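Remarks on the overall topology
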Amino acid sequence: MASADQTVGTAAPTASTTSATTSTPPLPAEQQTAAAAATTEQRCAPLVAFDIGNQTSVVAVSIHKDKLPLIISNNLSNQVTPSLVGFDGDKRVVGEDAFDLQVRQPSMCCGNIKQLLLQKNISQISLWCNCPATPTPVPPGFTLTLGGNEYLPQQILAMLLSRLGGFARNELPADSLPLEECVLAVPLSFKEQEIHCVVDAAKISGFTPIAVVHDFTCVAVHYAFRHPTPEGKESVVLFLDQGHTHTTAAVAKFTPNSLTILSAVCDETLGGVSIDNKLIEHIVQKFKDMNARVTTNPNVRAIARLRRAVEKAKHILSTIPSTDVAVDSFVEDTDLRMVLSRASMDELCSAELERLQQVIQSAIQSSGVPVEGIDHIEIVGGGFRSPSIVSAAQKAISVEKPILRSLDSASSVALGAATLGQILSKRFGQSLVVEDKYNTYNTELLGSPEGDLFRHKEVEKALNLKDSQLAQLQSKRNEMEGYLYSTREECNNSVASAPPPTSTPSTAKVVMSPQEKEGLLNALQEAEWWLSDNPNATLPELDNYLTSLKQKTKELCPALVAHREAIEAEKLKALQEAANAKPVFLGTKKPEPRTKSEKLDAANKKKEAGNKLVRDNDYENAAARYFQAVGFLQSMFDLSAEEKQNVDDLLCTLYLNLSLCYLKLDKPQKAIENCHKVVEKQSTNVKALFRRGQAYRQTKEYELAKKDLEAGLKLEPGNLAIKKELTLVQAGLDQEHQRQKKMAKAMFSGLNE
């Protein structure tokens, strides 16, 4: 990063340009070749920027010259990814895949990676991570045990960077140059040792870091390109950012072609988590006062569930004065239910609000700019959702200034880091003079020698190979489940007589005799039992069984196989006709739906697209479509009673579909959350109770699973699927009781000795 007396670029910041789409006659072949070459010239070696937060991370990538960076979505189409790494047995899980593991088995999952790098005392590790820690002479001074192996924090960070980098690589054009360079955003509290560890992590994950820059500088760079300063003018902006663990205030001066960071102050122990901890402590104490018979303290899993409820309550309190905090079976099967008001939260967190004011006043004083010289305040960071925190910030300035939220809190750091990477690389069109006395790190001089990192890189390569093998195994299992689902559906919809001659293969039903139907359904049931009885089946075993099942299907019902072949031929013909058809100008991109009817129509189309993906066993992309459909429905307001009922019904369907996808993706906690939403609207929805029971069994919360399944069975006494699930839950309960008996026996035998 440039030092205070260094300059980067000379031209004014230029945003990406857009032009209207027009219909023009086709170019001659030689001109088309020249145009394609010109387009290729606009593309250069891409670079990626990482904003690694304690809770979530964001990735931005730069691909084209003269175009600003883009945010990259993850495997579930979310722009923010949980900053989590864990091992579920021998399977490594990262990001969204580790979300459920954090709740089920906190000791097998590592979060707060950025905060761990700051720890100087190994006794403090347990405040941020439930994984066992072991001292080591290698910085930062400890390793963490995950999946039975010890890893340095920078190795764990490398696992996260590798996963996030994979999302970026998946979005690159097919003819793109390799993605190798990266920019890393870090907080002001990171000094040389922490920067050293971050650079090592990037190298272990296969990237070459070209800059490590503080997050407030990234925000200021992004602001410079979003809000260019007019010629002959200058402005001074106070940036406020409260993240999960720290709060930063920075003052920056902007001119048409330069950015100067005048001051920056960080309180590394004041963040959203410090407010969460105050609220959790208050709620737990109030719970104990209200339930004197409860003598057991909440365990780690219960506190994790309460923390999520508190975070949700904080968001709600940013818009209304009070809300409920609820956690089922919090301690000893006793539910936690209480009201939290904004006034009580402000009273509990008065000391934190005062510290915030001190940070702001210190930044203004260090900048050398009088309060009157600050044009406005720009707020980023999730901590500033609360009106009380915004009010405290305004009081700290003493002079009323406009408070703006013109930047997206989630993406501004990553976009600014990627833009800064464009400036530093000098191969993109963006340029800006950046003067920042706080960023003087040369990444070429930081990090460990390649020889020291070799072993860590080999470990990462081996883990990546194992991840790939496990993904292939899961894909084959999903393929088999999809085959069972689609075959049973066609079997149940079959007819005994031939379809009308006008029917096409895709609309016609399969002709199947009662004997064929019975034989095929029995074969499918046997296959389902085999899958259930062989959860650890290998890839060859799954492949062989699926091949034999397809052969058996062909022998039992040749008409079904012929029907499928006819449908495939019909699809192939349609694709060939589309390829041979004359190109049609489609005009500009279809605008986002705005009216209620447009949003409802868009939601239904996304739902149907998701259903098709489910039938194709593509559960990740199906979940993304359902999630987008939910977004359309949640943006509908001013509904009549009938419209609200229709929207609620469709929302429940989408939540149920999401729960199915998350169960298939081994994300039971997300499945539970979506089932909760259905039960809140439709308390007697058997499918929601059943799937929530399945998810609770996966998280080993057997009592909650039993409660849901028994409620579902009461509504549908003949439901065989629920009865089978209850048998599995009872087996889990019996196993848990046996484990507790063994522990008690061992404890008492130790006392007798």
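Sequence order sets the numbering: in each chain, residues are counted from 1 along the sequence as written. Owing to the predicted nature of the model, reporting of local features is limited to residues with pLDDT of at least 70; listing and counting of side-chain atom pairs is limited to 80 or more, with chain, interface and lining totals taken over all residues. Remark: hydrogens and water are excluded; side-chain values derive from all non-hydrogen atoms of the structure.

**Some thoughts on the packing of aromatic side chains**
Working definition: rings of Phe, Tyr and Trp (its six-membered ring) pair if their centres are within 6.5 Å, and the pair is stacked with planes under 30 degrees apart, edge-to-face with planes over 60 apart, and tilted otherwise. In the structure shown here, the tally under the stated rule is 8 aromatic pairs. For the ring pair F216 and Y438, a centre distance of 5.9 Å and an interplane angle of 85° mean the geometry is edge-to-face. Taken together, the residues span a long stretch of sequence, with F216 in helix α6 (residues 215-226) and Y438 in the loop between β20 (433-435) and α13 (450-492) at a distance of 222 residues. Partly exposed residues are those whose accessible area sits between 20% and 50% of the maximum for their type, while under 20% is buried and over 50% is exposed, using a 1.4 Å probe and protein chains only. The class of F216 is buried, set by a relative accessible area of 6%. What makes Y438 partly exposed here is its relative accessible area of 23%. Helix and strand definitions follow DSSP, with helices as H or I runs of at least four residues and strands as E runs of at least two, each counted in order from the N terminus.

**Section: helix α10 (residues 350-367)**
With 18 residues, α10 extends 27 Å from end C-alpha to end C-alpha; this agrees with the ideal 26 Å at 1.5 Å per step. For α10, the set of buried residues is E352, L353, L356, V359, I360, A363, I364 and S367. Relative to the axis of α10, the buried residues are bounded by an arc of 125° and lie together on one face. Contacts are residue-level and defined by heavy atoms, with any inter-residue pair within 4.5 Å sufficient. Against the buried residues of α10 lie β13 (235-242), β14 (247-255), β15 (258-267), α7 (272-290), α9 (342-348) and α11 (387-397). Phi turns positive, to about 80°, at G368, one or two residues after α10. Each helix should span, by expectation, one fewer than its residue count multiplied by 1.5 Å. It is the directions from the helix axis to the C-beta atoms that the arc portrays.

**Notes on the side chain of S83**
In this structure, S83 sits in the loop between β4 (81-82) and β5 (85-88). For this analysis, a polar contact is any N or O atom pair within 3.5 Å, provided that within protein one partner can donate a hydrogen and the other can accept it, and provided that sequence-adjacent residues contribute only side-chain to side-chain pairs. Among the polar contacts made by the side chain of S83, one reaches the main-chain carbonyl oxygen of T56 at a distance of 3.3 Å. The contact partners of S83, leaving out residues within four places of it in the chain, are G53, N54, Q55, T56, S57, C110, G111, N112, I113 and L160.

**Brief notes about the packing of helix α4 (residues 153-171) against helix α5 (residues 192-204)**
Pairs of packed helices are described in terms of their axes, by the angle between the two and the distance that separates them. With axes taken as lines fitted to C-alpha atoms, and helix axes fitted only over the stretch in contact, angles between N-to-C directions fall between 0 and 180 degrees. In the contact formed by α4 and α5, the axes pass within 8 Å of each other and the chain directions differ by 50°. By the angle class used here, α4 and α5 are oblique. The interaxial crossing formed by α4 with α5 has right-handed handedness. Residue-level contacts link Q154, Q155, L157, A158 and L161 of α4 to C197, V198, D200, A201, A202 and I204 of α5. Each residue is assigned to one class: nonpolar for Ala, Val, Leu, Ile, Met, Phe, Trp, Tyr, Cys and Pro, charged for Asp, Glu, Lys and Arg, and polar for all the others, Gly among them. Of the residues that constitute the contact of α4 with α5, the class distribution is 8 nonpolar, 2 polar and 1 charged. Orientation labels follow simple angle bins: below 35 degrees gives roughly parallel, above 145 gives roughly antiparallel, 65 to 115 gives roughly perpendicular, and whatever is left gives oblique. A clockwise turn of the near helix away from the far one marks a right-handed crossing, whereas an anticlockwise turn of less than a right angle marks a left-handed crossing.

**So, the packing of helix α15 (residues 539-556) against helix α16 (residues 558-580)**
Where α15 contacts α16, the two axes come as close as 5 Å, and the packing angle between them is 110°. Accordingly, the angle class assigned to the pair α15 and α16 is roughly perpendicular. Every residue of α16 that contacts α15 at T553, K554, E555 and L556 is listed here: P558, L560 and V561. Here the contact of α15 with α16 is built from residues that sort into 4 nonpolar, 1 polar and 2 charged.

**Here we look at the sheet that holds β5**
Whether two strands pair comes down to DSSP finding at least two bridges between them. A sheet is described by the order of its strands in space; here 3 strands give the open sequence β6-β5-β7, paired in antiparallel fashion. Both edges of this open sheet fall to β6 (91-94) and β7 (109-110), since each of them pairs with a single strand only. Direction of pairing for β5 relative to β7: antiparallel, over a ladder of 2 bridges. Along β7, the bridge assignment pairs G86 with C109. In the packing of α13 onto the sheet, contacts are made with β5 and β6, and the angle to β6 comes to roughly 95°.

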